[in-house]
Amino acid sequence: MSDVQPPALEVRNLQTHFETPHGIARSVDGVSFTLPTSHVLAVVGESGSGKSVLSRTIMRLTPKVNTKSSGEVLLSGVDLMKLREKDMRSIWADRLSMVFQDPMTALNPVMPVGDQISELLLRHKLVPKAELKTAAIAALASVGIPDPVARANQYPHELSGGMRQRVMIAIALAGNPELLIADEPTTALDVTIQAQIMTLLRQQQTQRRMSMILITHDLGIASAYADDLMVMYAGQVVERGPAAEVLRKPRSPYTEALRRSIPRLANPSHARLEVIPGRPPTMTDLPKGCRFAPRCRYAQDKCLTEVPGIEKETQTEHEYRCFYPVGTAANRGALALNLERGRTAAGLPVSQRLEKHAGQRSKEILL
């Protein structure tokens, strides 16, 4: 018999498109990945890249009106996309749970936090009714909340942001799920509390041997707490692989640009931070070729007309989507050619490039 464990989650060609007055917004467009059991996958990208829509699609929490989702989401072999909402109610909390983005608004303001945990335990029949209060207090204690007996009787507005986030984590973990999705779990928290929350999540994930998807903007958090890293841009996966490998040797120009924009202690005082020129494309008016091409300093004419496929380095399981991957001879040649032309990355004058990609509103798309 093989000792290899089946993956906790398999996502195959997942798509979520929204009908808007301006056209179809392809917020998640053909995303595929595998999450091994007991691993942490960090999903990073700019705002609007599709990270949160991806997590809500996996959870089956996207709006029912003007939304079309397709593909497969296999949780331990069960395709969640084929389940009715009634069936999903037995999956939520027991097998699949989520820490939502904003702890300030995610909790019910008119219920004590202990009752909110008890409500979940009662709905899913996880403990006998007589033991609900004790179980709720134990859940609060498990996430490091001091004096959990007193805190259980308090309302969300009586707690700090960090405490509210711990309550959210306690609710998400109360059913001992196989997979936890944490969507920007450190939003609106100061740096010290961010570190405490991330350490708590990592400890809980390790102790419970739970799989976790971590949605974040912060490459530092991804580097410190994730096993694997997936980079999204304009609804697509542009790079995925072991976190250390992807951050040490990025292949996608977008991942490289994200990494270069990180402040460094070695930089001189008041040094100007590097930025990614331009803006992400409008999701209802996507570029014809590579979606990052209008902002990419390596892009060639081919990038504006052809869509790059996924390439894979088999030894490291490192995947990327690029015709001119960073660190290759082709990439160095593309950059040299653009520098020689003295033009924008795709060899077009700035004015023509802005006309060609109306979704880009930057006045300066230069190397």
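Residues numbered from 1 in each chain as written. Predicted model: local features only at pLDDT ≥ 70, side-chain atom pairs only at ≥ 80, totals over all residues. Heavy atoms only, no water.

(A) Summary view of the overall build of the protein chain. Across its full length, the protein chain carries 14 helices and 12 strands. In summary, the protein chain has a C-alpha radius of gyration of 22 Å against a globular reference of 21 Å for 367 residues, a match within 12%. Oriented by its inertia axes, the alpha-carbon framework of the protein chain measures out at about 75 × 50 × 50 Å. Out of the 367 residues in the protein chain, the part that is buried amounts to 49%. Intrachain contacts of the protein chain at a sequence separation of at least 6 include 65% that bridge at least 24 residues. (Helix = DSSP H or I, 4+ residues; strand = E, 2+ residues; numbered from the N terminus. Rg over C-alpha atoms; globule rule 2.2 N^0.38 Å. Buried < 20%, exposed > 50% of the residue type's maximum accessible area, 1.4 Å probe, protein only. Contact = heavy atoms within 4.5 Å.)

(B) Focus on unusual backbone geometry. Positive phi outside glycine occurs at Ala93, with the angle close to 75°. The topology assignment puts Ala93 in the loop between α2 (85-91) and β6 (96-99). A positive phi angle, near 60°, is found at Glu317, a position not held by glycine. For Glu317, the position within the fold is in the loop between β11 (310-313) and β12 (318-321). Residue class for Glu317 comes out partly exposed when judged on its relative accessible area of 40%.

(C) Just the side chain of Glu256, in detail. By secondary structure assignment, the location of Glu256 is in helix α11 (residues 253-260). Buried charged residue Glu256 carries no salt bridge. Nearest counter-charge: Arg260, at 4.1 Å. Beyond its immediate chain neighbours, meaning those up to four positions away, Glu256 contacts Pro250, Arg297, Tyr298 and Val326. (Lys, Arg positive; Asp, Glu negative; His and termini not counted. Salt bridge = Lys/Arg side-chain N within 4 Å of Asp/Glu carboxyl O.)

(D) Expanded view of the environment of Thr16. If you trace the backbone, Thr16 turns up in strand β1 (residues 9-20). Residue classification places Thr16 among the buried residues on the basis of a relative accessible area of 0%. A distance of 2.8 Å separates a polar atom in the side chain of Thr16 from a polar atom in the side chain of Thr57. Of the polar contacts made by the side chain of Thr16, one reaches the side chain of Ser69; its length is 3.1 Å. (Polar contact = N/O pair within 3.5 Å; in protein donor to acceptor, adjacent residues only side chain to side chain.)

(E) Broad picture of the pattern of salt bridges. Enumeration over the complete set of coordinates arrives at 15 salt bridges. When the shortest N-O distance is used, the salt bridge between Arg84 and Asp87 registers 3.2 Å. Look at Arg84 and you get exposed, because its relative accessible area is 51%. Residue Lys312 pairs with Glu317 through a salt bridge whose shortest N-O separation is 3.0 Å. One connected set of salt bridges, linked through shared partners, spans Glu10, Arg12 and Glu72.

(F) Inspection of the confidence of the model for the protein chain at higher detail. Confidence in the prediction for the protein chain averages 89 pLDDT; 92% of positions are at 70 or higher. A low-confidence stretch, residues 345-367 (pLDDT under 50), is modelled with 63 contacts involving residues beyond four sequence positions or located in other chains. (pLDDT = per-residue confidence, 0-100.)

(G) The arrangement of the sheet that holds strand β7 (residues 179-183) in detail. With mixed pairing, the 8 strands of this open sheet are ordered in space as β6-β7-β8-β3-β9-β10-β12-β11. Here the strands that pair on one side only, and so sit at the sheet edges, are β6 and β11. If you compare each strand with its neighbour and ignore which way they point, the axes differ by 20° on average. With 5 bridges connecting them, β7 and strand β8 (residues 211-215) associate as parallel partners. By the bridge assignment, Leu179 is partnered in β8 with Ser211. (Pairing = 2+ DSSP bridges. Axes fitted to C-alpha atoms, helices over the stretch in contact; angles between N-to-C directions.)

(H) The packing of aromatic side chains, seen in detail. In total, this model carries 3 aromatic pairs according to the counting rule given. Ring plane angle 55° and centroid distance 4.6 Å describe the contact between Tyr233 and Tyr254, whose orientation is recorded as tilted. You can see Tyr233 sitting in strand β9 (residues 228-233) and its partner Tyr254 sitting in helix α11, a full 21 residues away along the chain. On the basis of relative accessible area, Tyr233 is assigned to the buried category, the value being 2%. (Phe/Tyr/Trp six-rings, centres within 6.5 Å; stacked < 30°, edge-to-face > 60°.)

(I) Structural context of the environment of Glu317. The sequence separation of Glu317 and Pro242 amounts to 75 residues, and the corresponding C-alpha distance is 7.4 Å. Those residues in contact with Glu317 that sit more than four places away from it in its chain are Arg240, Gly241, Pro242 and Lys312. For Glu317, the side chain forms a polar contact with the side chain of Lys312, separated by 3.0 Å.

(J) Seen up close, the pairing of β9. Among the 6 residues of β9, 6 are classified as buried, and the element is accordingly described as predominantly covered. Residues Asp228, Met230 and Met232 line one face of β9 and the alternating positions Leu229, Val231 and Tyr233 line the opposite face, and both faces are buried. Both strand β3 (residues 40-44) and β9 contribute to a ladder of 4 bridges, which runs parallel. Bridge assignment links Val43 to a residue of β9, and that residue is Met230. Connecting β9 to the next strand, strand β10 (residues 236-242), in antiparallel fashion are 2 residues, including Ala234 with a positive phi near 50°.

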